[in-house]
Amino acid sequence: MLTQEQAGDIFDRIKKLSTADEVEVLFSGGKFALTRFANNVVHQNVAEENHVVSVRAAFGGKTARAFTNKFDDESLRQVVRSAESLARVQYADPDLLPMPDAREAAGKAGGNTRASETASRHFAATASITPESRAEGVKKIVGVAQRHKLSTAGVFSSAESIDGIFNTRGLTRWHTQTMAEISITMLGTDSSGWQKANSPYVANLDALALAEVAAQKAADSAHPREIPAEKYTVILEPAAVLDMVGFMFWDYSGMAILDQRSFLNGRIGTKLFGDNISIWDDVAHPLQTGSPFDGEGMRRQRVGLVENGVVKRVVYARATAERMKRSEYKDKVGPVEATGHGFPLPNEMGEMPLNIVFAPVGDPQSVDQMIASTERGVLVTRLWYIREVEPFEKMLTGMTRDGTFYVENGRVQGGVRNFRFNESLIHMLSNVEAMSVPVRSCGEESLDMVVPAMKVKDFNFTEVTKF
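Residues numbered from 1 in each chain as written. Predicted model: local features only at pLDDT ≥ 70, side-chain atom pairs only at ≥ 80, totals over all residues. Heavy atoms only, no water.

Peer 1: Just checking my understanding: could you explain the overall build of the protein chain for this structure?
Peer 2: Looking only at helices and strands, one finds 11 helices and 20 strands in the protein chain. Taking 23 Å as the expected radius of gyration for a compact globule of 467 residues, we find that the protein chain reaches 24 Å, a close match to that expectation. Taking the principal axes of the C-alpha coordinates as reference, the protein chain spans close to 70 × 55 × 35 Å. Across the protein chain, every contact between residues at least 6 apart in sequence was considered, and the portion connecting residues at least 24 apart equals 73%. Counting only carbon and sulfur atoms, one obtains 50% of the accessible surface of the protein chain, whose full area is about 19,900 Å². Computed over 53 positive and 59 negative side-chain charges, the separation of the two mean positions in the protein chain equals 1 Å. (Helix = DSSP H or I, 4+ residues; strand = E, 2+ residues; numbered from the N terminus. Rg over C-alpha atoms; globule rule 2.2 N^0.38 Å. Contact = heavy atoms within 4.5 Å. Areas by Shrake-Rupley, 256 points an atom, 1.4 Å probe, with all protein chains shown as cover. Lys, Arg positive; Asp, Glu negative; His and termini not counted. Charge placed at Lys NZ, Arg CZ, Asp CG, Glu CD.)

Take a look at the structure:
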């Protein structure tokens, strides 16, 4: 693994090679390993170690970036030459700011934001996972599949990674993290079940328990029957919630407001969702992961995005915040300040909240309690093939999969064929009748989040599938 001291040496060599007014170097990479299984056997084991330096050169308002994963003198000379050559032929960007120094990047507290203090996310137990220990985990999963007469497929991966940034104004930031992840699909003749979880600390993952839940879903949804597509009360497990709501967070961006491509244009400060919906972006939350600084090295702030259904504000990269202060929208978008959510420059996207946390409610209910209080509804394990149909109302379409159940008179009655849905996120988050305690959850079509299961009334299913 590349260390901070080694990265500092590489940065010093790059500085000596550069003629740019300012230079920024991003470091990323690490070790990644994965064991893949299908048909109840391991069929692939891969591992790699790679580190990349990304050099950004700036001359006045011109900037550009070049990459390499070779750290010898000649390779560094070439990457510096490439970054500088590219920068010189760019048009000058009037919004490009000088690189931040350490004091500016440290951020500030106040208003609706506060500085985030993150605990270590590097665990020796995760960093030392071996192919044999991943295979042992897969053996437990396969054992569950065989006991239920099912076929299983999935992955067990592990990683140890670094993120770092150095610039010629004295900024130095470094982050190390580990991650383990298990994804399991259990397949029957006409049904399936699924579970997925990840954590920086491998001890938080229980392969056996995940396999048992996935297998039970496959068994319980066997011989699915067809029920009509119409509006139902739905109970969305956390993975289904995050893959839906993930479609709106690109819009919580100052750049999206300025470009008038956000569904929040003209809506900040208004009540858009139900009273029980409050959402933060908080990299320091104990169930969150990731680097505590953004693509320019700015410290990520804890930002309240939604409070009791009212959209409070969006996040900002440094340059976006300055543009917003000069724009016609500046008095209509809540607090305007750099919040530490920018992507590495140059980019056309600006910023995005990456560490979403739903606030807990005062009377959380378990999924079993939600089922018990449902006269007629559908329990959804997860969703896929989600696409945006209409961006301003956030109308989405997609399909259920891997465990869809009919609920009647407070009990799960069995599996049903999967549905296509057409549902507005605004409508959905305005009709949440109950929520569980938020948990760390991961899906396939959105960022990992801390989200609850939700019971939602009048969720709109429009078609029934053939499986």
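Peer 1: I tried to follow the packing of helix α1 (residues 4-17) against helix α2 (residues 73-88) on my own but got confused; where do I start?
Peer 2: Two measures define how a pair of helices packs: the angle their axes make with one another and the distance between the axes. With their axes 10 Å apart at the nearest point, α1 and α2 run at an angle of 55 degrees to one another. Classified by the angle between their axes, α1 and α2 sit oblique to one another. At the point where α1 passes α2, the crossing takes the right-handed sense. Contacts from Ile10, Arg13, Ile14 and Leu17 of α1 reach α2 at Asp73, Leu76, Arg77 and Val80. A per-class count over the contact of α1 with α2 returns five nonpolar, no polar and three charged. (Axes fitted to C-alpha atoms, helices over the stretch in contact; angles between N-to-C directions. Parallel < 35°, antiparallel > 145°, perpendicular 65-115°, else oblique. Left-handed = near helix turned anticlockwise from the far one by under 90°. Nonpolar A, V, L, I, M, F, W, Y, C, P; charged D, E, K, R; others polar.)

Peer 1: How should I be thinking about the sheet that holds strand β7 (residues 192-199) in this particular structure?
Peer 2: Within a beta sheet, neighbouring strands are joined by backbone hydrogen bonds and run either parallel or antiparallel to one another. What the six strands build is an open sheet, ordered β3-β2-β1-β5-β6-β7; its pairing is antiparallel. Of all the strands in the sheet, the pair left with one neighbour each is β3 (62-68) and β7. Within the sheet, the average angular offset between the axes of one strand and its neighbour, ignoring direction, is 15 degrees. Relative to strand β6 (residues 172-187), strand β5 (residues 151-167) runs antiparallel, the two sharing 16 bridges. In the strand pairing of β6, Ser161 is matched with Gln177. Across the sheet, α1 is in contact with β1 (22-38), β2 (41-59), β5 and β6; its angle to β1 comes to roughly 135 degrees. (Pairing = 2+ DSSP bridges.)

Peer 1: Please clarify how unusual backbone geometry should be interpreted in this entry.
Peer 2: Only a minority of non-glycine residues have a phi that is not negative, and only a minority of peptide bonds are not trans. Here Leu345 and Pro346 are connected by a cis peptide whose omega angle stands at -5 degrees. Mapped onto the elements, Pro346 comes out in the loop between α9 (318-325) and β12 (356-358). Backbone geometry at Asp458 places phi at a positive 55 degrees, although glycine is not the residue there. Relative to the assigned elements, Asp458 resides in strand β20 (residues 454-464).

Peer 1: Quick question: what am I supposed to make of the pattern of salt bridges here?
Peer 2: Between side chains of opposite charge, pairing is possible as soon as their charged atoms come close. All told, the structure shown has 30 salt bridges when counted by the stated rule. Two residues, Arg326 and Asp95, come together in a salt bridge whose shortest N-O distance is 2.7 Å. Of this pair, Arg326 sits in the loop between α9 and β12 while Asp95 sits in the loop between α2 and α3 (102-105), and the two are 231 residues apart along the sequence. When its relative accessible area of 57% is taken as the criterion, Arg326 is described as exposed. (Salt bridge = Lys/Arg side-chain N within 4 Å of Asp/Glu carboxyl O. Buried < 20%, exposed > 50% of the residue type's maximum accessible area, 1.4 Å probe, protein only.)

Peer 1: Explain the packing of aromatic side chains here, please?
Peer 2: When we look at a pair of aromatic rings, we describe it by the centre distance and by the angle of the planes. Taken as a whole, this structure holds 14 aromatic pairs when the rule is applied. With 5.8 Å between their ring centres and 35 degrees between their planes, Trp250 and Phe343 make a pair best called tilted. In this pair, Trp250 is assigned in the loop between α7 (238-245) and α8 (254-258) and Phe343 in the loop between α9 and β12, connecting sequence segments 93 residues apart. Judged by relative accessible area, Trp250 falls into the partly exposed class, the value being 39%. Both rings, one in Phe419 and one in Phe461, keep their centres 4.4 Å apart while their planes meet at 20 degrees; by these two values the pair is stacked. With Phe419 in strand β16 (residues 419-424) and Phe461 in strand β20, the pair connects residues that are 42 residues apart, well separated along the chain. Clustering of aromatic rings is evident, with ring pairs tying together Tyr232, Phe419, Phe421, Phe459 and Phe461. For Arg267, the ring lying beneath its charged end belongs to Phe392, and the centroid distance is 3.7 Å. Looking at Arg382, its charged tip hangs above the ring of Trp194, at a distance of 4.2 Å from the centre. (Phe/Tyr/Trp six-rings, centres within 6.5 Å; stacked < 30°, edge-to-face > 60°. Lys NZ or Arg CZ within 6 Å of the ring centre and 35° of its normal.)

Peer 1: Please explain the side chain of Thr185 as it appears in this structure.
Peer 2: Within the fold, Thr185 resides in strand β6. Residue class for Thr185 comes out buried when judged on its relative accessible area of 15%. Excluding residues within four positions of it along the chain, Thr185 makes contact with Ser151, Thr152, Ala153, Gly193, Trp194 and Asp402.

Peer 1: I tried to follow the pairing of β1 on my own but got confused; where do I start?
Peer 2: In regular strands, side chains alternate between the two faces of the sheet. Pairing between β1 and β2: 17 bridges, direction antiparallel. Paired with Leu26 across the bridge in β2 is Ser54. Linking β1 back to β2 in an antiparallel pair, the connection comprises two residues, with Asn39 at a positive phi of about 50 degrees. Both β1 and β5 contribute to a ladder of 14 bridges, which runs antiparallel. If you follow Arg36 over to β5, its bridge partner there is Val155.

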